[in-house]
Amino acid sequence: MARRLANASKLDVLVWVDADSRDRVVERYAEAARVLLHTGKDLEPEAGARDLLSWLEHTDQRWLIVLDNLKSLPDLTGWWPPPSRRGRTVITTRIRSAVLDNDRRTQIAVGPFRTDEAVSYLLRISGQPASRVDAEALAADLGLLPLALCQAGAFMRDERLDFKAYREILNDRERQISDLLPSEEFLPDDHLVTVARTLSLSIDAANSSEPQGLAYPIISIAAFLDPNAVPIPLFHTQSTIDYLQTRLFLDGTKAVLDSTLIAKSISNLHRLNLVTIDRGGDTFRVHALVQRVVRDSLDPGSSEPIVHVAAAGLSASWTTRLDDDLQQVMRSNVLTLNSLAGYKPWEGGVAGRELLFQAGESLGSMFRKSAADYFEGLHAELKARLGPSHRDTLEAQSRAAFWWCLTNGYPDESLTATRKAFENHSRLLGPDDRHTLQLRRLHIDNLGRFEAEPCAAAAAAALVVDCRRVFGVEDSEYWDARHSLDHWNDMGRGKICPGCERCRIA
């Protein structure tokens, strides 16, 4: 914009200021004063800067002051360019503040590209022949962020990488984001630092704001959660507060942590455009690149306790009182945490272990078949990671069978699920194990549901005998089996079971 105005002879004076500190602002003002007003080199910088501001206020020349990359609003205290009908001031900053939006100033949020803009930009800057589908996929991976797209395109061009090759490297979690961007001496378009460094500097600024030392551990937890909706109540649970308190002490801060300080720190992250607090105030969004930069910055071994804290916080803040939308938010965060951290860091952690199952149960409260599919997928994942006989593997299979049993319209899938779960538990835990006998009863009830009442009654009669032998007549398992027998006897009255294979299986 500044270049276009200058080239179109619509400006008489253009002053570009790298506004990353108060001293830099004053120095650049003083340099401009020496050029425009011929002030002497011996004049103190602050005096020269004040001369420039006075001149801007009274001159008839058309001027534009660009304050680029403002890091802190207090740096401009006493140094704001004056209001003028002949001049304008443009500030670029990651800061969001009401100070920048009043009767004299207008704050314009510059968001990411639209998808079509990002695709066209990537195709042009990368110099690589590619389909729009490949370019769109990479643009989505980079969150449509202009700075990231620019630097990724330059890196692809310099390294002669096509879109698919770059995406493979980008999605390799063993690689750091800094490995996927040009070095600072080869940055495009006069960029001074990489997007990773830019984000790191903003994180440092948030962490240095009061309450000092709190923003980094907060965004470190958020780095393992769903970028589209991180639940804010998680950060106010006791387990999260206890963890954040230890991080403050490690930073040498002795403040006693409370919810007010946590809310203030999240607001600092919002102010510096690292997160965006949603209107309802229950969640915030964080760019996936911010998450990647944070994860890359963690010391070896430090991610595991963060994952444990995130899991405990999700578990503690997930209540049945949450509405359907927030239930979906919690499920998405569990899936993201599991995807990024894997199951292993949660092994032995009760909160993390329970979260995997809590997500499926929450899903089942609205979509039974979806819950059945979820637990079948979880069973396959845990079987591969932990082995077929691990308690969590077996529990996932049991819950898949339970939700299939409650799902209408899928008789074959439902009967297969309950039969396999019963047979697997019988083989691994023994036919007299309580869980095995519970699954046996579940399969019997499933048989009856799908128009095999006499088969279910015959199988339930055999189950009653086994439960009496194993548990005795005082145990709830015996009476549950009796109730099942009575029910299927009533449902199958007048029908005869031929002693078929289904009864023998159950």
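Note that the structure is predicted; figures quoted are calculated from it, not measured. Each residue is numbered by its place in its chain's sequence as written, counting from 1. Totals for whole chains, interfaces and linings use every residue, but because this is a predicted model, local features are given only for residues with pLDDT of at least 70 and side-chain atom pairs only at 80 or more, for both listing and counting. As a rule here, side-chain values cover all heavy atoms of the structure and leave hydrogens and water aside.

Engineer: Looking at this structure, I do not really get the overall build of the protein chain. What am I missing?
Structural biologist: Summing up its helical and strand segments, the protein chain has 22 helices and six strands in all. In this description, contact between two residues means that some pair of their heavy atoms is separated by no more than 4.5 Å. For the protein chain, the proportion of contacts with a sequence separation of at least 24, taken over those separated by at least 6, is 65%. Summed over all atoms, the accessible surface of the protein chain reaches about 25,900 Å², with 50% contributed by carbon and sulfur. Counting from the N terminus, the helices are DSSP H or I runs at least four residues long and the strands are E runs at least two residues long. Only the protein chains shown count as cover for residues, and the accessible areas themselves come from Shrake-Rupley with a 1.4 Å probe.

Engineer: Which parts of the structure should I look at to understand the sheet that holds strand S5 (residues 275-277)?
Structural biologist: Hydrogen bonds between backbone atoms are what pair the strands of a sheet, whose relative direction is either parallel or antiparallel. Paired strands, in this sense, are two strands between which DSSP finds at least two bridges. The strand order across the open sheet built from three strands is S4-S6-S5, with neighbouring strands paired in antiparallel fashion. The open sheet has two edge strands, strand S4 (230-231) and S5, and neither has a second partner. Where S5 meets strand S6 (residues 283-286), three bridges bridge the pair, whose relative direction is antiparallel. Across the sheet, residue Thr 276 finds its bridge partner in S6, namely Arg 285.

Engineer: Mind showing me how you'd approach the nonpolar core here?
Structural biologist: Tyr 29, Ile 221, Phe 235, Ile 262, Leu 274, Phe 284 and Leu 337 are the most contacted members of the largest nonpolar core, which has 105 residues in total. Residue contacts for Phe 235: discarding those within four places in its chain leaves Ile 218, Ile 221, Ala 222, Val 230, Thr 240, Ile 241, Leu 244, Ile 262, Ile 266 and Phe 284. One finds Ile 444, Leu 447, Ala 459 and Tyr 478 within the second-largest nonpolar core, a separate group that totals 14 residues. Within this scheme, the nonpolar core is defined by two criteria: the residues are buried Ala, Val, Leu, Ile, Met, Phe, Trp, Tyr or Cys, and they are joined through side-chain atoms within 4.5 Å. The cut-offs for exposure are 20% and 50% of the maximum accessible area for each residue type, with area from a 1.4 Å probe on protein chains only; residues under the lower value are buried, those over the upper are exposed, and the others partly exposed.

Engineer: Please clarify how helix H2 (residues 22-37) should be interpreted in this entry.
Structural biologist: Three or four residues apart is the spacing at which side chains of an α-helix point the same way, because the helix has 3.6 residues per turn. Between its terminal C-alpha atoms H2 stretches 22 Å, which fits the 22 Å expected from 16 residues at 1.5 Å a residue. When we look at burial in H2, the residues that qualify are Val 25, Val 26, Tyr 29, Ala 30, Ala 32 and Ala 33. The buried residues of H2 occupy an angular sector of 165° when projected down its axis, which confines them to one face. Among the exposed residues of H2, those oriented more than 90 degrees off its buried face are Asp 23 and Val 35. Taken together, the buried residues of H2 touch strand S1 (13-18), helix H3 (45-58) and strand S2 (63-70). Given a helix with a known number of residues, its expected span is that number minus one, times 1.5 Å. As used here, the arc is the angular range of directions from the helix axis to the C-beta atoms.

Engineer: Please explain the side chain of Thr 393 as it appears in this structure.
Structural biologist: Note on placement: Thr 393 falls in helix H17 (residues 391-405). Here a polar contact means two N or O atoms within 3.5 Å. Within protein one must be a hydrogen donor candidate and the other an acceptor candidate, and residues neighboring in sequence count only if both atoms are side-chain atoms. Only 3.4 Å separates the side chain of Thr 393 from the backbone oxygen of Leu 382, close enough to count as a polar contact. Dropping the residues within four chain positions of it, Thr 393 is found in contact with His 379, Leu 382, Lys 383, Leu 386, Gly 387 and Pro 388.

Engineer: Hey, could you run me through the environment of Ala 457 in this one?
Structural biologist: By secondary structure assignment, the location of Ala 457 is in helix H20 (residues 453-471). In sequence terms Ala 457 and Met 491 are 34 residues apart; their C-alpha atoms lie 8.6 Å from each other. Setting aside residues up to four positions removed in sequence, Ala 457 forms contacts with Leu 485, Trp 488 and Asn 489.

Engineer: When you look at the pattern of salt bridges in this model, what are you seeing that I'm missing?
Structural biologist: Working definition: two side chains of opposite charge can pair if their charged atoms are close together. For this analysis, a salt bridge means a side-chain nitrogen from Lys or Arg found within 4 Å of a carboxyl oxygen belonging to Asp or Glu. If you walk through the whole model with that rule in mind, you get 23 salt bridges. Taking the shortest distance from any N to any O, the salt bridge between Arg 469 and Asp 432 comes out at 3.1 Å. Taken together, the positions of Arg 469 in helix H20 and Asp 432 in the loop between helix H18 (411-429) and helix H19 (434-449) put the pair 37 residues apart, joining distant regions of the chain. For Arg 469, a relative accessible area of 52% puts it in the exposed group. Using a relative accessible area of 34% as the deciding quantity, one classes Asp 432 as partly exposed. Residues joined in a network through salt bridges with shared partners are Arg 434, Arg 441, Asp 475, Glu 477 and Asp 480.

Read these as spatial facts, not as claims about activity.
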